[in-house]
Amino acid sequence: MGLLQGKTALITGAARGIGKALALRFAAEGADIAFTDLVIDENGKQTEEEIKALGVKCIGYASNAADFAQTEEVVKKVHEDFGKIDILVNNAGITKDGLMMRMSEGQWDAVINVNLKSAFNFIHAILPIMMRQKSGSIINMASVVGVHGNAGQSNYAASKAGLIALAKSIAQEVGSRGIRANAIAPGFIETAMTAALPEEVRADWAKKIPLRRAGKPEDIAEVAVFLASDMSAYVTGQVIQVDGGMNM
């Protein structure tokens, strides 16, 4: 029996990348999967089929995570389709990097809305469900730059720091109802975004990491399974850096 057998997970921004890796790993542990993305295109349909092939229920929902009203509707639909929501992973995110002096208001607002406001939207919609269930695990996908900052990413770093503080605050608010909230802070992970970097840049990053390699989406997924499962029943309000020791 899998660690997440009988549970239903809702993962935002999961048609590809780290979100997809989380969905596949959760499904391998027996969880039924609901996932959202801005559109459910061929990538989304393929993700849905790959998850179903693992023998669990899976539905992908087109939804703008940054839109409060759309989020209320999609959470309601997920609850109707699956009957419960045990796990929420706030994974939806974008980057629009630039130095502060050159950053536009649009760049700032877009990143804060997609990365941080979306988590508010989903937590706000899901808490009544989890409170009635008297159980639930909320996982915010943050970043090491939310802990340590990063030049040229003030908007992204602020959004990720917000996700950490949000998880800690929610943990305090609803811990007495059996609901846990934690954050994962990935470091340098092999994704489509990092794959576009020049090889010398990637090699330079690896030299700064004690484990001497970039992380894989599966490395994040393993930690997420721990936080989603009953193995972490007494873990809440924490941020776990998954970065190969890059930022100690």
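Presented here is an overview of the structure given in this document.

1. Some words on the packing of helix H1 (residues 17–28) against helix H2 (residues 42–52)
- Where H1 meets H2, the closest approach of the two axes is 9 Å, and the angle between their N-to-C directions is 20 degrees. In terms of their interaxial angle, H1 and H2 are classed as roughly parallel. Judged by the sense of rotation from one axis to the other, the crossing of H1 with H2 is right-handed. Contacts between H1 and H2 involve Lys-20, Ala-23, Leu-24 and Ala-27 from the former and Gln-46, Thr-47, Glu-50 and Ile-51 from the latter.
- Among the residues making up the contact of H1 with H2, the classes are represented as four nonpolar, two polar and two charged.

2. Remarks on the sheet that holds strand S2 (residues 32–37)
- Here seven strands make up an open sheet; going across it, the order is S3-S2-S1-S4-S5-S6-S7 and the pairing parallel. Strands with a single pairing partner mark the edges of an open sheet, and in this sheet they are strand S3 (58–62) and strand S7 (239–242). For this sheet, the mean inter-axis angle between neighbouring strands, taken without regard to orientation, is 15 degrees.
- Pairing of strand S1 (residues 8–12) with S2, which is carried by five bridges, proceeds in the parallel orientation. Residue pairing for S2: Thr-8 is matched across the bridge by Asp-32.
- Contacting S1, S2, strand S4 (87–90), strand S5 (136–141) and strand S6 (179–186), helix H4 (residues 105–133) runs over the sheet at an angle of about 175 degrees to S4.
- Packed on one face of the sheet, helix H6 (residues 154–174) meets S5, S6 and S7 and runs near 160 degrees to S6.

3. Here's the deal with the environment of Ala-21
- Relative to the helices and strands, Ala-21 resides in helix H1.
- Since its relative accessible area comes to 12%, Ala-21 is described here as buried.
- Taking the C-alpha atoms as reference, Ala-21 lies 6.0 Å from Glu-218; in sequence the two are 197 residues apart.
- Once residues within four sequence positions are removed from consideration, Ala-21 is found in contact with Pro-217, Glu-218 and Ala-221.

4. Considering the pairing of S2
- Along S2, five of the six residues are buried, which leaves the element largely enclosed by surrounding structure.
- Where the polypeptide runs from S1 across H1 and back to S2, its parallel neighbour, the crossover connection is right-handed.
- You can see the chain leave S2, run along H2 and come back into S3, and the turn it takes is right-handed.

5. Re helix H3 (residues 68–82)
- For H3, with 15 residues, the first-to-last C-alpha span of 21 Å sits near the 21 Å given by 1.5 Å per residue.
- Each element contacted by the buried residues of H3 is listed here: S1, S2, S3 and H4.
- Two or three places before Ala-69, at the opening of H3, Asp-67 has a side-chain oxygen 3.1 Å from that residue's backbone nitrogen.
- Positive phi shows up at Gly-83, right after H3, with a value of about 90 degrees.

6. A short note on the packing of aromatic side chains
- Throughout the structure, instances matching the rule amount to two aromatic pairs.
- Summarising the aromatic geometry, the rings of Phe-68 and Phe-120 are spaced 6.0 Å apart at their centres and angled 25 degrees between planes, so their arrangement reads as stacked. With Phe-68 in helix H3 and Phe-120 in helix H4, this residue pair connects regions lying 52 residues apart in the sequence.
- Note on Phe-68: relative accessible area 31%, which makes it partly exposed.
- Taking the ring centre of Phe-82 as reference, the NZ or CZ of Lys-57 above it sits at 4.7 Å.
- The positively charged end of Lys-208 is found above the aromatic ring belonging to Trp-205, 5.6 Å away from the centroid.

How each quantity is defined
Residue numbers run consecutively from 1 along every chain, following the written order of its sequence. This being a predicted model, a pLDDT of at least 70 is required before a residue's local features are given, and a value of 80 or more before pairs of side-chain atoms are given or counted; all residues contribute to the totals for chains, interfaces and linings. As a convention, hydrogens and water are excluded, and side-chain values are obtained from all of the structure's heavy atoms. Between the N-to-C directions of two axes lies an angle of 0 to 180 degrees, each axis being a line fitted to C-alpha atoms and, for a helix, fitted only over the stretch in contact. Going along the chain from the N terminus, every DSSP run of H or I of four or more residues is numbered as a helix, and every run of E of two or more is numbered as a strand. Here is the rule for angles: anything less than 35 degrees is roughly parallel, anything more than 145 is roughly antiparallel, 65 through 115 is roughly perpendicular, and the remaining ranges are oblique. Left-handed describes a crossing whose near helix is turned anticlockwise from the far helix by less than a right angle; the clockwise case is right-handed. Whether two residues touch is decided by their heavy atoms; if any such pair falls within 4.5 Å, the residues are in contact. Here the term charged refers only to Asp, Glu, Lys and Arg, the term nonpolar to Ala, Val, Leu, Ile, Met, Phe, Trp, Tyr, Cys and Pro, and the term polar to all other amino acids, Gly among them. Note on pairing: two strands pair once DSSP finds at least 2 bridges between them. Accessible area is worked out with a 1.4 Å probe on protein chains only. A residue is then buried under 20% of its type maximum, exposed over 50%, and partly exposed in between. A clockwise path from the first strand over the helix to the second, with the strands pointing away from the viewer, defines a right-handed crossover. Here, expected helix span is obtained from the residue count minus one, scaled by 1.5 Å. Here a polar contact means two N or O atoms within 3.5 Å. Within protein one must be a hydrogen donor candidate and the other an acceptor candidate, and residues neighboring in sequence count only if both atoms are side-chain atoms. In this scheme Phe, Tyr and Trp rings, the latter by its six-membered ring, pair at centre separations within 6.5 Å, and the angle between planes marks the pair as stacked below 30 degrees, edge-to-face above 60, and tilted otherwise. By definition here, charges over rings are those cases where NZ of Lys or CZ of Arg is within 6 Å of the ring centre and within 35 degrees of the ring normal.

On their own, these measurements won't tell you what the molecule is for.
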